[in-house]
Amino acid sequence: MYDPDKRKLLSAICHGAIFFSTTFVSIGIPIFILFVTNDSVVKENAKEAINFHLNVWFYGIIIGILIWLSFGLLFPLAGLGVLLHWGLTIWALFHVLSDTDKPFRYPFIFRLL
């Protein structure tokens, strides 16, 4: 039996780390938690957060290229990307704080882990 408060905290830190920045520092947090915890739900949340980070970077590169190729005409795509990024992260945080027994799964992302 795992401590539900510890599970909530670690899972929320994994998903919320992307709010710190979208650099390598923020992906390091769920990677670190993945290796130090024994809780299977926290491990699954850490893997999902890592996959989400990689997807945010991948789609950010695509959106950046499209904006550059369109000479800025597709700049509203950046706003849509930010809304999806923040919205999905907030959804994940609500989920892991309310349902500690089930890891959160982001919709429509590629999973490498």
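Structure shown above.
Remember, predicted model here, so these are calculated numbers, not experimental data.

One turn of the α-helix equals 3.6 residues, which is why residues spaced by three or four share an orientation. Given a rise of 1.5 Å per residue, 23 residues ought to cover 33 Å, and the 33 Å separating the end C-alpha atoms of helix α4 (residues 76-98) matches this to within 8%. Structurally, α4 contributes buried residues whose contacts are with α1 (4-16) and α3 (40-69).

Positionally, His53 belongs in helix α3. Among the polar contacts made by the side chain of His53, one reaches the main-chain carbonyl oxygen of Ala49 at a distance of 2.8 Å. Discounting chain neighbours no more than four positions away, the residues touching His53 are Ala17, Ile18, Ser26, Ile27 and Pro30.

The next thing to look at is the packing of α3 against α4. At their nearest, the axes of α3 and α4 sit 10 Å apart, and the two run at 170 degrees to each other. Relative to α4, the element α3 lies roughly antiparallel. Between α3 and α4, the residues in contact are Asn45, Phe52, Val56, Ile63, Leu66 and Ile67 and Leu77, Ala78, Gly81, His85, Leu88, Thr89 and Val96, respectively.

Within this structure, the stated rule accounts for five salt bridges. Between Arg105 and Glu48 there is a salt bridge, and its shortest N-O distance comes to 3.6 Å. Residue Arg105 is located in the segment after α4, and its partner Glu48 is located in helix α3; the two are separated by 57 residues in the primary sequence. What you see here is one network of salt bridges that share partners, running through Arg7, Asp39 and Asp101.

Moving on, we get to the packing of aromatic side chains. As enumerated under the stated definition, the model contains seven aromatic pairs in all. On the numbers, 5.2 Å between centres and 70 degrees between planes, the contact of Phe24 with Trp57 is edge-to-face. Separated by 33 residues along the polypeptide, Phe24 in helix α2 (residues 24-36) and Trp57 in helix α3 bring together distant segments of the chain. Ring geometry for Phe52 against Tyr106: centres 4.0 Å apart, planes inclined by 5 degrees, an arrangement best described as stacked. One end of the pair, Phe52, is in helix α3; the other, Tyr106, is in the segment after α4, with 54 residues separating them in the sequence. A residue is classified by how much of its surface remains accessible, and Phe52, at 5% relative accessible area, is buried. For Tyr106, a relative accessible area of 2% gives the class buried. Taken together through their ring pairs, the aromatic side chains of Phe52, Trp91, Phe104 and Tyr106 make up a single cluster.

Thresholds applied
Residues numbered from 1 in each chain as written. Predicted model: local features only at pLDDT ≥ 70, side-chain atom pairs only at ≥ 80, totals over all residues. Heavy atoms only, no water. Helix = DSSP H or I, 4+ residues; strand = E, 2+ residues; numbered from the N terminus. Expected span 1.5 Å × (residues − 1). Contact = heavy atoms within 4.5 Å. Polar contact = N/O pair within 3.5 Å; in protein donor to acceptor, adjacent residues only side chain to side chain. Axes fitted to C-alpha atoms, helices over the stretch in contact; angles between N-to-C directions. Parallel < 35°, antiparallel > 145°, perpendicular 65-115°, else oblique. Salt bridge = Lys/Arg side-chain N within 4 Å of Asp/Glu carboxyl O. Phe/Tyr/Trp six-rings, centres within 6.5 Å; stacked < 30°, edge-to-face > 60°. Buried < 20%, exposed > 50% of the residue type's maximum accessible area, 1.4 Å probe, protein only.

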